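Topology and contacts: notes
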Amino acid sequence: MANNIRGPMRRGQMGSGAAEKANDFKGTTKKLIKDYLSKYKIALIIVIVFAIGSTIFSIVGPKILGNATTEIFNGIVSKLSGGSGIDFGKVLSILLTLLVLYLISASFSLIQGFTMTGIAQKLTYKLRNDIAVKINKLPMKYFDKRTNGEVLSVITNDIDTLSQNLNQSITQIITSICTLIGILIMMFSISWEMTLVSLIILPITVFIVKKIVGKSQKYFTRQQDYLGHVNGQVEEVYGGHTIVKAFNAEEETIKEFEKANNELYRSGWKSQFLSGLMHPIMNFVGNVGYVAVAILGGYLAIQGKITVGNIQSFIQYNKQFTQPINQIAQVSSMLQSMVAAAERVFKFLEEPEEVSTVKNPVSTEGLKGNVKFDHVRFGYDEDRIIINDFNADIKDGQKIAIVGPTGAGKTTMVKLLMRFYDVNSGAILVDGHNIKDFDRGELRRMFGMVLQDTWLFGGTVKDNIKYSNPEATDAEVIEAAKSAHVHHFIKTLPKAYDMVINEESSNISAGQKQLLTIARVILANPKILILDEATSSIDTRTEQQIQSAMDNLMKGRTSFIIAHRLSTIKNADLILVMNHGDIVEQGTHEELLAKGGFYSDLYNSQFEVEEE
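Keep in mind that what you see is a predicted model, and the values were worked out from it rather than measured.

**Things to note about the sheet that holds strand β4 (residues 425–430)**
- The antiparallel open sheet is built from four strands, whose spatial order is β2-β1-β4-β5. A strand with exactly one partner marks an edge of an open sheet, and here the two such strands are β2 (387–394) and β5 (433–434).
- By the bridge criterion, five bridges tie strand β1 (residues 371–378) to β4 in an arrangement that is antiparallel. Bridged to phenylalanine 373 within β4 is isoleucine 428.
- Along the sheet face, helix α10 (residues 410–417) touches β1, β2 and β4 and points at about 110° away from the line of β1.

So, in structure tokens, the structure goes:
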């Protein structure tokens, strides 16, 4: 749990008639089928067979129901002519047959739905596991170039979209195609003339839908754009509501929101109105078709070419005929979104991984913590070098302070030391061994790191401290907390060390969270310490409390301290003064002040600011 938690911006869902498209629909679909769905061949065959079976049994229903209607009609005519009347036994037999068919259809549908849900959830489970493993293998530069929201969106939104649409689209495609073909066969089996009349209505419907979608598309796009503006503005203002209130900017903020909200209203109204026209217009066209079919059916019935029951069955099929077409149109949109989501997931899984192991790695056992920077040159981008020629020879147990203005490369040196990045040229040595000769995980176990931004996860206080050493005993945890001067504070919390830390733990200040992270590092008992602005979020009194504990912790350990407040590193064994990626000065605090150079200017300017 970080100090400030902001959720990722969710990918907006496009409105009706608009679907997100994949860059390589064919290639991504092929990969999804080959690498993932092919593992569920038998289950997919079951889904297909039972989906087809469910559709067939369902399609036959109206034809059989028409036979019952014909039997009743003939019975009534027979009764009026003095005959025996309606044969209720035969009608009951037809209806029972129909009931059995619908029960079989429902059972088949249930089986295929259950099976397809299992496939979708297993696939989702595997993808989430793959992504969880992948995250820990990606290099730091991947995350530096992307926001947290972009990464989280792949893990949450894209996986959910893939799972939901996969579950619905496959069965929907199968049933829609089977339904469409089956209905056409049944309609032709009843009357080819009435079928042709029904098919004439189809291009008219497609033409109307295309026109409406074309008109509404631009308004849906505009609606989505302004929805993003409104959501972004709400998130921004909510995140900084304290600043908004402090500068009395409420009215201006409301005006900006109203402006964006008005645009959203206008585009939303137009898009929804136009898409809303589709249903009544299609109904009207469909009803015209029904009238034409009914007139033609009546004419054929008079001529004795068709029965009354068949007319009823045909009208039922005619009403159902447009449903699978609409469903296929909806599924195509779902497929586009699904493949686009799968494409982003696959792209994430195919990102180059960080090489964690080497052949014949050097062991960290017995190493003391001597560190040497030998002509180190580095840039996050090769054409933008920020560390030009860094040289330093640090003995084990020394306290090294790295100072300099913002952008001088101080934090970059620490990232290179822990191999979050590799140098472009030169080398970093630990006890004479190039850090590239260690396994990354083994190398990083040598380091204890306290950053400016505290990180605590949702768990107990004890679990957060034990994060660096899960095997530690409760006594060792308490001793580490005492060394960090946070034991007394923990004892005042409800449930003490067993208190669960979460976003609602507002009674824990930023300084106290920092103390907990320091206790975590103390428990790790590392050979080398890195303190990157570790006391910047701690008040003066708290800083004084932990300073002696930090001094004791650093004794006998190589320690790198990055600090802007130069008053906190006066007692460092060596101060490296960086500017523009190079060490411009080095020495003790007194030696550097005596030189009257860059460090002296930095210190005096900061001292003057503090005095003011």
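**What about the environment of alanine 427?**
- Relative to the helices and strands, alanine 427 is located in strand β4.
- For alanine 427, a relative accessible area of 13% translates into the label buried.
- Taking the C-alpha atoms as reference points, alanine 427 and histidine 375, separated by 52 residues in sequence, lie 6.8 Å from one another.

**Notes on the packing of helix α13 (residues 474–483) against helix α15 (residues 510–524)**
- Running from N to C, α13 and α15 cross one another at 125°; their axes reach a closest spacing of 8 Å. It follows from the interaxial angle that α13 and α15 lie oblique. For the pair α13 and α15, the sense of crossing is right-handed. From α13, Glu476, Val477, Ala480, Ala481 and Ser483 reach across to α15, where they touch Ala519, Ile522 and Leu523.
- Residues belonging to the contact of α13 with α15 are distributed by class as follows: six nonpolar, one polar and one charged.

**Remarks on a positive patch on the surface**
- Together, Lys210, Lys211, Lys215, Lys218, Arg222 and Lys270 make up a positively charged patch on the protein surface.
- Looking at the positive patch element by element, the count peaks at five residues for helix α6 (residues 192–239).
- Along the chain, lysine 210 falls in helix α6.
- On the accessibility criterion, lysine 210 (66% relative accessible area) is exposed.

**Notes on the environment of glutamate 250**
- Within the element layout of this structure, glutamate 250 appears in helix α8 (residues 250–302).
- Residues glutamate 250 and valine 237 lie 13 residues apart in sequence; the distance between their C-alpha atoms is 9.6 Å.
- Excluding residues that lie within four positions of it along the chain, glutamate 250 makes contacts with Val244 and Lys245.

**Concerning the sheet that holds strand β6 (residues 447–450)**
- Strand order in the open sheet formed by six strands is β6-β9-β10-β3-β11-β12, with mixed pairing between adjacent strands. Only two strands of the sheet have a single partner each, and these edge strands are β6 and β12 (582–587). On average, each strand axis in the sheet is inclined to that of its neighbour by 20°, with strand direction left out of account.
- Along the sheet, α15 contacts β6 and β9 (528–532); its crossing angle with β6, the most-contacted strand, is approximately 180°.

**A short note on the pattern of salt bridges**
- Under the defined criterion, the tally for this structure stands at twelve salt bridges.
- We note a salt bridge from lysine 126 to aspartate 130, for which the minimum N-O separation is 3.0 Å. Of the two residues, lysine 126 and aspartate 130 both sit in helix α3 (residues 88–135), four residues apart, roughly one turn of that helix.
- Note that aspartate 422 and arginine 419 form a salt bridge whose closest N and O atoms lie 2.8 Å from each other.
- Taking the relative accessible area as the measure of exposure, arginine 419 reaches 6% and is therefore buried.

**Some thoughts on the packing of aromatic side chains**
- Evaluation of the coordinates by the stated rule reveals six aromatic pairs.
- Plain terms: the ring middles of phenylalanine 50 and phenylalanine 108 are 4.9 Å apart, the flat faces sit at 65° to each other, and that makes the pair edge-to-face. Here the residue phenylalanine 50 occupies a position in helix α2 (residues 41–80), and phenylalanine 108 occupies one in helix α3, the gap between them amounting to 58 residues.
- Of the residues examined, phenylalanine 50 reaches a relative accessible area of 21% and is grouped as partly exposed.
- The class of phenylalanine 108 is partly exposed, set by a relative accessible area of 23%.
- When the ring of phenylalanine 57 is compared with that of phenylalanine 108, the centres are 5.7 Å apart and the planes differ by 85°; the resulting orientation is edge-to-face. Here the residue phenylalanine 57 occupies a position in helix α2, and phenylalanine 108 occupies one in helix α3, the gap between them amounting to 51 residues.
- Under the relative-accessibility criterion, phenylalanine 57 is labelled partly exposed at 25%.
- One Lys or Arg, lysine 39, reaches over the ring of tyrosine 36 and ends 5.9 Å from the middle of that ring.

So, how was this worked out
- Residues numbered from 1 in each chain as written.
- Predicted model: local features only at pLDDT ≥ 70, side-chain atom pairs only at ≥ 80, totals over all residues.
- Heavy atoms only, no water.
- Pairing = 2+ DSSP bridges.
- Helix = DSSP H or I, 4+ residues; strand = E, 2+ residues; numbered from the N terminus.
- Contact = heavy atoms within 4.5 Å.
- Axes fitted to C-alpha atoms, helices over the stretch in contact; angles between N-to-C directions.
- Buried < 20%, exposed > 50% of the residue type's maximum accessible area, 1.4 Å probe, protein only.
- Parallel < 35°, antiparallel > 145°, perpendicular 65-115°, else oblique.
- Left-handed = near helix turned anticlockwise from the far one by under 90°.
- Nonpolar A, V, L, I, M, F, W, Y, C, P; charged D, E, K, R; others polar.
- Patch = residues over 30% accessible without salt bridge, like charges linked within 9 Å, V, L, I, M, F, W, Y side chains within 5 Å.
- Areas by Shrake-Rupley, 256 points an atom, 1.4 Å probe, with all protein chains shown as cover.
- Salt bridge = Lys/Arg side-chain N within 4 Å of Asp/Glu carboxyl O.
- Lys, Arg positive; Asp, Glu negative; His and termini not counted.
- Charge placed at Lys NZ, Arg CZ, Asp CG, Glu CD.
- Phe/Tyr/Trp six-rings, centres within 6.5 Å; stacked < 30°, edge-to-face > 60°.
- Lys NZ or Arg CZ within 6 Å of the ring centre and 35° of its normal.

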